[in-house]
Amino acid sequence: MTLDEVKRHIEKHLPGVALKPVRESLLVENPLDLPRVVEFLKADGVLQLNYLSSVTGVDYLTFLECVYHLYSMENKTYSLQLRVRVDRENPHVPSLVPIFRGAEFQEREAYDMYGFQFDGHPDLRRILMWDGYVGYPMRKDYKQEDSEVLDRDDIEWLQKHGVSVAEEHIKMAESLQTGGESEQPESEQTEG
Amino acid sequence: MFEKMRVKTKVIDSGKSGLDTQTLEVNVGPQHPSTHGVFRMTIVLDGEVVKSLRPVMGYLHRNHEQIAENITYSASMPYTDRLDYFNSMSNNQAWAMTVEQLAEVEIPDRAEYIRVIMSELTRLVNHVSVIGFLLNDMGAFFTPTLFAFREREKVLDVFEAVSGSRMMCNYLRFGGVNRDLTDDQLGQIKKIVADFPAFLDEFETLLAQNEIVCMRCQNVGVLPAELAINASITGPMLRASGVNYDIRKVDQYSVYDRFEFKIPLGEKGDVYDRYYVRMLEMRESLKILNQALEQIEPGPFMAPKVPACLKNPRNFKPPVGEAYGRVEAPKGELGFYVVSDGSKEPWRYHVRAPSFINLTVLEAMCIGYKLADAIVILGSIDIVLGEVDR
Amino acid sequence: MAFSKNKSQVDDGLKSELAKKGIVITTLNELYNWGRRSSIWPMQFGLACCAIEMIATACARYDIARFGAELFRASPRQADLIIIAGTVTKKMTPQVVRLYNQMAEPKYCITMGACSISGGPFIDGYNTLRGIDRFIPVDVHLPGCPPRPEALLYGLQTLQKKIDSQDFRKAPWYQKGLKREYAIPDLGPKGLIPKFNPEVWQPREEDHRKEKYGSPMVIGKKTKAPDLDAPPKQPKAPAPKPPKRSDDSAPPSKEA
């Protein structure tokens, strides 16, 4: 089955679902259609895509994308790649956990790294980072902390715990506080 | 054994019996001798029976994907070694295959054979070590591991000879391998392959019929085939549940279509099946190795007509596009998803780690069994934290 | 590293002469240190790749038992030595510091591998601690990625030399007011609070790596996302069938 045939096959059985071929994959235009499509593909007698291999989040700067790789345990010749695109600010995607248990940890990882909100996920928490971590570190605009310099929180913490802090660290922290971010010039980057 | 557990008690509503019963919440890990690294399980116990189990991971999350998106394609190769640090060769193979798919590179035959030989040797190393550790978890403290590591060292000698490093091989390149195998090294491999069955027989005599092993493993941690498929379980764990799915057969990648080998399947999907499937898989790997060592012929070990972009790997810029490459790593399906934006660094680099996803069913397998069984079940999943947390 | 051995009052030549006659002369210090260095109990504590080499060192081929350090204890209360074998992530740091605090005096620390020394290959990550010496004092640094088992044995011998050089009359663990428990950092919104413990570690005067190479983690380096919707550029490289090379007496080639 070619990609076009699969597209027509799905659209025949699920009227109203809009699909668009992107390279070797199908883009589900409305993310809310995703569970319907996946459920159909899983139960369909021809394709039998009953094995969800991988769930991946991708940051495309203007939008976020979730990529699903589906394979079949019975019919071993065909595989399909699905994708949905969501808004960066409000990335709501329906969860696939009710259909595939295997999506559980991978969706949690996508939430942790990119901030996807998987609606219907039974236990959407951070999985690799700790609870209380702020930001989505795999997004292209995530700014890491500078681990060489103590800032004011650190100084306060250290003083509270009875650790002596040298004067220069305190001064440095104060200057950071007043002078805004410890902005290193980002253009100075050299080829590694 | 459980030195590092903190115990919380709380009184639960007394049931019909009128007796006050309590559940215990036990933290196993992250520093625990049987968690295979820095994995943590939060287990709620009723007496000694597991009521619920929550895996907590991320203690070895070292930002593999983020770093890979900021360095060149070939610079990611040594990082893949450190994913699943028992099986650097298979990881290399998966990453090389993905990029070759992206850049449409043809690989010469000899390189494919070398890759197959290396990844099957890796499978031997992995399976033999995991069985050693599994027995360690059962309480056979360290002796089986000593056996296993004796054999592992022999294979590591080969890895060191061909790549220069024992564990972190960094041996494969896009379009082939780093350097050729000499006849001496092939002879060394042949000797290992010839000697290995004797070791397997010895190991099996000690274990397969062993009463303690049978009692601790049989009918423990049963994973039904349906759940296994639904939860995307792969590798020996899936096959122990009786599902015939091996990517070496399904995708027929590399030159696996030229070898005759069987896929061992389990019946019940309990811990014993998972152990025994690994034993049988090692025998099949030896079959593949024997055939590969017979069929391998002299020739180029690097693609002779590589695209210009591969000549200078630091300046390698594949065309805009995406690729998903997967191999049957010893732990299951290891996949790499990569999106290229035409520059030197990948736009997106994702690892589909088998042992991470295999942990999905840990709770389902452990509920209803004793705490000590939970440790054995975890051992039979075969996790490596470098890959779980990446 | 050169450790000065404890000086004995008795001449070495005389000692060996007496030893031939079956008379052993020693000092209390020597006896004390001999006992300590010959039975170091490391903690069974592995973090990442290096832990596998640590296990390999304990196995038959390298046999750490020759140096009296084969008894890996799972509890920090029973261990003399913590081998930080692998990458210490920020999430794991509080546990590592706590484990070190729980060890009984005298306690030693070996960092095994590049990651635990400085962050190693993962130094630029958002979750990697750039060296455990930011929070606990380290006795022996052991570079390598991973260090070979021989290197670990060498590191252990170096530690033994250090133990030999200590004098129990001046040993800190017999002094009053010893404080060898270090503040356990908290997990904050972006990383650890504090980022390092200034009592244990101070930032380097000059950051050679940063000056010379910069960090590869630069935000905003890429401003244009790849457009996968656009059809792939087919005729990028004119690729007609590559001509069969003559030396290619082919075994049946695989179907693409």
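Reference entry: report on the structure contained in this document. (Residues numbered from 1 in each chain as written. Chains lettered and ligands numbered in written order. Predicted model: local features only at pLDDT ≥ 70, side-chain atom pairs only at ≥ 80, totals over all residues. Heavy atoms only, no water.)

1. Structural notes on the overall build of chain A
Step number 1: Scanning chain A for helices and strands turns up five helices and seven strands.
Step number 2: Ordered by position from N to C terminus, the α and β elements of chain A give α-β-β-α-β-β-β-β-α-β-α-α.
Step number 3: Computed over C-alpha atoms, the radius of gyration of chain A comes to 23 Å, more than 25% over the 16 Å expected from 2.2 N^0.38 for 192 residues, which places it beyond the range of a compact globule.
Step number 4: Projecting the C-alpha coordinates of chain A onto the three principal axes gives extents of approximately 70 × 35 × 30 Å.
Step number 5: Pairs at least 24 apart in sequence give 46% of the contacts found in chain A among residues at least 6 apart.
Step number 6: Here chain A displays about 8,500 Å² of accessible surface, and carbon together with sulfur accounts for 48% of that area.
Step number 7: Taken together, the 21 basic and 36 acidic charged side chains of chain A have centroids lying 8 Å from each other. (Helix = DSSP H or I, 4+ residues; strand = E, 2+ residues; numbered from the N terminus. Rg over C-alpha atoms; globule rule 2.2 N^0.38 Å. Contact = heavy atoms within 4.5 Å. Areas by Shrake-Rupley, 256 points an atom, 1.4 Å probe, with all protein chains shown as cover. Lys, Arg positive; Asp, Glu negative; His and termini not counted. Charge placed at Lys NZ, Arg CZ, Asp CG, Glu CD.)

2. Here's the deal with the sheet that holds strand S9 (residues 348-352) of chain B
Paired through backbone hydrogen bonds, the strands of a sheet run either parallel or antiparallel to each other.
Residue and element names in this part refer to chain B.
Step number 1: With respect to topology, three strands assemble into an open sheet ordered S7-S8-S9, the strand pairing being antiparallel. Single-partner strands in this sheet number two, and they are strand S7 (321-329) and S9. Neighbouring strand axes in the sheet, compared pairwise and without regard to direction, differ in orientation by 10° on average.
Step number 2: Relative to S9, strand S8 (residues 332-340) is paired through five bridges, and the arrangement is antiparallel. The residue bridging Phe336 from the neighbouring strand is Val351, located in S9.
Step number 3: Across the sheet, helix H3 (residues 88-103) touches S7, S8 and S9, and the angle it forms with S7 is around 150°. (Pairing = 2+ DSSP bridges. Axes fitted to C-alpha atoms, helices over the stretch in contact; angles between N-to-C directions.)

3. As for the packing of aromatic side chains
Step number 1: Within the structure shown, the criterion is met by 39 aromatic pairs over all chains.
Step number 2: When the centroid spacing of 6.3 Å and the interplanar angle of 40° are considered together, the rings of C:Tyr100 and C:Tyr182 count as tilted. With C:Tyr100 in helix H4 (residues 93-102) and C:Tyr182 in the loop between helix H6 (149-164) and strand S4 (186-187), this residue pair connects regions lying 82 residues apart in the sequence. C:Tyr182 shares its class with C:Tyr100; the two are buried.
Step number 3: An aromatic cluster is built from B:Tyr73, B:Trp95, B:Phe174, B:Phe316, B:Phe336 and B:Tyr349, whose rings are joined through pairwise contacts.
Step number 4: One Lys or Arg, B:Arg248, reaches over the ring of B:Tyr256 and ends 5.9 Å from the middle of that ring.
Step number 5: The ring of B:Tyr59 carries the charged tip of C:Lys91 above its face, separated from the ring centre by 5.0 Å. (Phe/Tyr/Trp six-rings, centres within 6.5 Å; stacked < 30°, edge-to-face > 60°. Buried < 20%, exposed > 50% of the residue type's maximum accessible area, 1.4 Å probe, protein only. Lys NZ or Arg CZ within 6 Å of the ring centre and 35° of its normal.)

4. Quick look at the environment of B:Gly164
Step number 1: Mapped onto the elements, B:Gly164 comes out in the loop between helix H5 (143-163) and strand S5 (172-173).
Step number 2: Along the chain, B:Gly164 and B:Asp270 lie 106 residues apart, while their C-alpha atoms are 39 Å from each other.

5. Topic: helix H2 (residues 28-37) of chain C
Residue and element names in this part refer to chain C.
Step number 1: Among the residues of H2, those classed as buried are Asn29, Asn33 and Arg36. Looking down the long axis of H2, one finds its buried residues gathered within 60° of arc, a one-sided arrangement. When the buried face of H2 is taken as reference, the exposed residues oriented beyond 90 degrees from it are Leu28 and Trp34. (Arc of directions from axis to C-beta.)

6. What to know about the interface of chain B and chain C
Step number 1: Taken together, the 51 residues of chain B in the interface contact 50 residues of chain C.
Step number 2: Approximately 4,600 Å² of surface area, both sides summed, lies buried where chain B meets chain C, with 62% of it carried by carbon and sulfur atoms.
Step number 3: Taken as a group, B:Gln31, B:Tyr59 and B:Arg62 account for 13% of the area that chain B buries against chain C, more than any other trio of residues on that side.
Step number 4: One can count four salt bridges joining chain B with chain C.
Step number 5: With a closest N to O distance of 2.9 Å, B:Asp157 and C:Arg61 form a salt bridge. (Buried area = accessible area lost by both parts, 1.4 Å probe. Salt bridge = Lys/Arg side-chain N within 4 Å of Asp/Glu carboxyl O.)

7. Regarding a negative patch on the surface
Step number 1: Together, A:Glu168, C:Glu205, C:Glu206 and C:Glu211 make up a negatively charged patch on the protein surface.
Step number 2: Following the sequence through the fold, A:Glu168 ends up in helix H5 (residues 167-178). (Patch = residues over 30% accessible without salt bridge, like charges linked within 9 Å, V, L, I, M, F, W, Y side chains within 5 Å.)

8. With respect to the state of the cysteines
Residue and element names in this part refer to chain C.
Step number 1: Overall, the coordinates contain zero disulfides over all chains when judged by the stated rule.
Step number 2: Cysteine Cys59 shares no disulfide, and the gap to the nearest cysteine sulfur, in Cys50, comes to 16 Å.
Step number 3: In this structure Cys59 comes out as buried when scored by relative accessible area, which is 4%.
Step number 4: Its sulfur unpaired, Cys109 is 13 Å from the next cysteine sulfur, which belongs to Cys50. (Disulfide = S-S within 2.5 Å.)

9. Comments concerning the sheet that holds strand S4 (residues 63-71) of chain A
Residue and element names in this part refer to chain A.
Step number 1: Across the sheet, which stays open at both edges, the five strands sit in the order S1-S2-S5-S4-S3 with mixed pairing between neighbours. Of all the strands in the sheet, just strand S1 (19-22) and strand S3 (51-59) have a single pairing partner and so form its edges. The sheet shows a mean angle of 25° between the axes of neighbouring strands, taken without regard to direction.
Step number 2: Pairing analysis gives eight bridges linking S4 to strand S5 (residues 80-87), with the strands arranged antiparallel. By the bridge assignment for S5, Leu70 is matched with Leu80.

10. Examining the pairing of strand S2 (residues 25-28) of chain A
Residue and element names in this part refer to chain A.
Step number 1: Covered by surrounding structure in S2 are Ser25 and Leu27 together with Leu26 and Val28, the residues of both alternating faces.
Step number 2: Pairing of S1 with S2 involves four bridges; the strand directions are antiparallel. Residue pairing across strands places Val22 opposite Ser25, the latter belonging to S2.
Step number 3: What sits between S1 and S2 in their antiparallel hairpin is a turn of two residues, with Arg23 showing a positive phi close to 50°.
Step number 4: Examined bridge by bridge, S2 and S5 share three bridges and lie parallel to one another.

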